[in-house]
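# Commentary on secondary and tertiary structure
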Amino acid sequence: MINFDFVRVATAKAAVDALTKDNSAQWIAGGTNLIDLMKKGVLSPRKLIDISKLPLNEIKKESGRLSIGSMALNSDVADDELIQKEQPLLSMALKAGASQQLRNMATIGGNMMQRTRCPYFYNTDMPCNKRDPGTGCGALKGFNRMHAIFGASDKCIAVHPSDMCVALVALDATVLVTGPRGDRRIPFRDFHRLPGNTPEKDNTLQRGELIVSIELPENRFSKNFHYLKIRDRTSYAFALVSVAAAMDMDGSKINEVRLGMGGVAHKPWRLTEAENYLKGKTASEDVFRQAAELGMRDAKAYGYNNFKLKLGPNTIVEALKAASAKS
Ligand SMILES: Cc1cc2nc3c(=O)[nH]c(=O)nc-3n(C[C@H](O)[C@H](O)[C@H](O)COP(=O)(O)OP(=O)(O)OC[C@H]3O[C@@H](n4cnc5c(N)ncnc54)[C@H](O)[C@@H]3O)c2cc1C
Ligand code: SF4
């Protein structure tokens, strides 16, 4: 049993003030990740500040940009009419995550902030630089089947587990945050970070910064899109590899493509070189295969995850085929 205080706040300012005042406090939203981490002894905050009732759950369109409050539930966003019409890739990625029950509790902000599912991180008997900096990385020479093939370091080879974030990086979202030093906007692709020498830091938020909302620019991807998630079971399992593909096409000519990849890096991975290669090309399996090879050029596996070097390009090709085939 660990004892902790529990308080509920009603405004974003009160949430920021309460956290800034107390170093041992932590925000709780849906609780679907934080409570697991507390049960496993990975985290032991002495105070939980409940932010789930903050009035930040609106989904609205303003000056051509779609805004989603950080407290909106994963299931509400996935089922929202405006999202389904204008950002269907996001809806599809959300529905591939967790289970309906979990999506009914999980918030957009919590989903972005969820910790890695590396089993060494959750097992406090094992070394883990992310949980306990300086203790070593159990996965590097251990059972690393779920682990990264891009952007890892010798300090950490974990992956970010979110499905939603793979769509958001492809859709060029922006994160709006507020904190002790005021408000700021963070491009989604700069929100999560690579492990480097400080794998304990998952993202670029400073302590006390609260995610308020995310914004999505208008796009021409509502017809040709696909989120393909490869996993050990068809539900309730994290991605081994996933690909979010968004395409703007004129017949079979590709005007623009966005490709996000999940299950492969410490952050949702963008395949910019593959995107640039595909621009202006005529859609075909050969062209998709070339793009996939470009996208995988810097991949490096660690033993048990060698299969991702083959699964990765195949998933890119299949996602592009499915996205381009939609009419
Ligand atoms: C069995 C299981 C299977 C799952 N499968 C998948 C899956 O396949 N794909 C997938 O994407 N996810 C999956 N998940 C993860 C799930 O999506 C996350 O647990 C959930 O999105 C977290 O949201 P939450 O609101 O419950 O966060 P919480 O657990 O409440 O919080 C998580 C962290 O976020 C911080 N936080 C919350 N909101 C904010 C905010 N606005 N600003 C700053 N910090 C904030 C909290 O302080 C905490 O540190 C699974 C979870 C479980 C338990
Ligand atoms: S991969 Fe990262 S999270 Fe996993 S054991 Fe190594 S340091 Fe810890």
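See the structure shown above.
Figured I'd write up the structure that's included with this text. (Residues numbered from 1 in each chain as written. Chains lettered and ligands numbered in written order. Predicted model: local features only at pLDDT ≥ 70, side-chain atom pairs only at ≥ 80, totals over all residues. Heavy atoms only, no water.)

### Quick notes on the overall build of the protein chain
The cut-off we apply is this: Secondary structure elements are defined from DSSP: runs of H or I of at least 4 residues count as helices, runs of E of at least 2 residues count as strands, and each element is numbered from the N terminus. We compute the radius of gyration from the C-alpha atoms alone; for a globule the expected value is 2.2 Å times N to the 0.38, where N is the number of residues. Only protein chains enter the accessibility calculation, which uses a 1.4 Å probe; a residue is then buried when its area is under 20% of its type maximum, exposed when over 50%, and partly exposed in between. The contact criterion used throughout is that any non-hydrogen atoms of two residues lie within 4.5 Å. Neither His nor the chain ends is counted toward charge; the positive residues are Lys and Arg and the negative residues Asp and Glu. Positions of charges follow a simple convention, taking NZ of Lys, CZ of Arg, CG of Asp or CD of Glu.
Regarding its fold elements, the protein chain presents 12 helices and 12 strands. Rg of the C-alpha trace for the protein chain: 20 Å, near the compact-globule value of 20 Å for 327 residues, within the 12% margin. When its C-alpha atoms are laid out on the principal axes, the protein chain stretches across 60 × 50 × 35 Å. Burial statistics for the protein chain: of 327 residues in total, 53% are counted as buried. Look at the contacts in the protein chain between residues 6 or more apart in sequence, and 64% of them connect residues 24 or more apart. Side chains of the protein chain carry 46 positive and 35 negative charges; the gap between the two charge centres is 3 Å.

### Comments concerning helix H1 (residues 12-21)
Filter applied, for reference: Directions from the helix axis toward the C-beta atoms define the arc.
Listed as buried for H1 are Ala15, Val16, Ala18 and Leu19. One side of H1 holds all its buried residues, which, seen down the axis, span an arc of 165°. Across H1 from its buried face, at more than 90 degrees, point the exposed residues Lys13 and Lys21.

### Some points on the sheet that holds strand S6 (residues 174-179)
So the rule is basically this: Strands are labelled as partners when DSSP assigns at least two bridges between them. Angular values range over 0 to 180 degrees, each being the angle between N-to-C directions of two axes fitted as lines to C-alpha atoms, with helices fitted over their stretch in contact.
The strand order S4-S5-S8-S6-S7 describes an open sheet built from 5 strands, whose pairing is antiparallel. The outermost strands of the open sheet, each flanked by one partner alone, are strand S4 (59-62) and strand S7 (182-187). Each strand of the sheet is rotated relative to its neighbour by a mean of 25°, with strand direction disregarded.

### Some details on the nonpolar core
Inside soluble globular proteins, nonpolar side chains tend to come together where they are buried. Heads up, the condition is: As used here, the term nonpolar core means buried Ala, Val, Leu, Ile, Met, Phe, Trp, Tyr and Cys residues forming a set that is joined through side-chain atoms within 4.5 Å.
Counting residues in each nonpolar core, the largest one holds 37 residues, and the members touching the most others are Ile68, Val77, Leu89, Leu90, Met112 and Val175. Sort the elements by how many residues they give to this core and helix H9 (residues 164-170) lands first, with 7 residues. Excluding its chain neighbours within four sequence positions, the residues that come into contact with Leu89 are Ala167, Ala170, Leu171, Phe225, His226, Tyr227, Ala244, Ala245 and Ala246. Counting residues in hydrophobic clusters, the runner-up holds 31 residues, among them Ile149, Leu228, Val264 and Leu320.

### Structural notes on the pairing of strand S10 (residues 241-250)
Here S10 lies mainly inside the structure; 9 of its 10 residues are buried. In this sheet, S10 lies alongside strand S9 (residues 224-230) in antiparallel orientation, the contact comprising 7 bridges. Bridge pairing links Tyr227 to Ala244 in S10. Alignment of S10 against strand S11 (residues 253-262), held across 9 bridges, turns out to be antiparallel. Paired with Met247 across the two strands is Val257, which belongs to S11.

### Topic: the site of ligand 1
Quick note on the threshold: We call a residue near a molecule or strand as soon as one heavy atom of that residue lies within 4 Å of the molecule or strand. N or O atoms within 3.5 Å of each other form a polar contact, as long as, within protein, one can give a hydrogen and the other can take it, and as long as residues adjacent in sequence are counted only when both atoms are side-chain atoms. Shrake-Rupley sampling with a 1.4 Å probe provides the accessible areas, and residues are treated as covered by the protein chains on show and by no other component. Gly falls in the polar group here, along with every residue not listed as nonpolar (Ala, Val, Leu, Ile, Met, Phe, Trp, Tyr, Cys, Pro) or charged (Asp, Glu, Lys, Arg).
Among the 33 residues in the neighbourhood of ligand 1, the closest are listed as Trp27, Gly31, Thr32, Thr107 and Asp163. Thr107 is positioned with one of its side-chain polar atoms (N or O) 2.7 Å from an oxygen atom of ligand 1. Within the side chain of Asp163, an N or O atom sits 2.7 Å from a nitrogen atom of ligand 1. Relative to its unbound accessible area of 990 Å², ligand 1 is 94% covered by the protein chains. Of all the secondary structure elements, the ones that give two or more residues to the shell around ligand 1 are strand S2 (25-28), helix H2 (34-39), helix H7 (108-113) and strand S8 (210-216). Broken down by element, the residue count for the shell around ligand 1 peaks at 4 residues, all from H7. Tallied by class, residues from the shell around ligand 1 come to 16 nonpolar, 14 polar and 3 charged.

### Description of the site of ligand 2
Around ligand 2 lies a shell of 15 residues, among which Cys118, Cys128, Cys137, Cys156 and Ile157 are the nearest. Tallied by class, residues from the shell around ligand 2 come to 10 nonpolar, 3 polar and 2 charged.

### Let's talk about the packing of aromatic side chains
Quick reminder of the rule: The pairing test for Phe, Tyr and Trp rings, Trp by its six-membered ring, is centres within 6.5 Å, and the orientation test on the planes gives stacked under 30 degrees, edge-to-face over 60, and tilted for anything in between.
Under the defined criterion, the tally for this structure stands at 4 aromatic pairs. On the numbers, 5.5 Å between centres and 80° between planes, the contact of Phe121 with Tyr122 is edge-to-face. Where Phe150 meets Trp269, the ring centres are 5.0 Å apart and the plane angle is 5°; that geometry is what we call stacked. Placement of Phe150 in the loop between helix H8 (119-122) and H9 and of Trp269 in strand S12 (residues 269-270) is noted, with a sequence separation of 119 residues between them.

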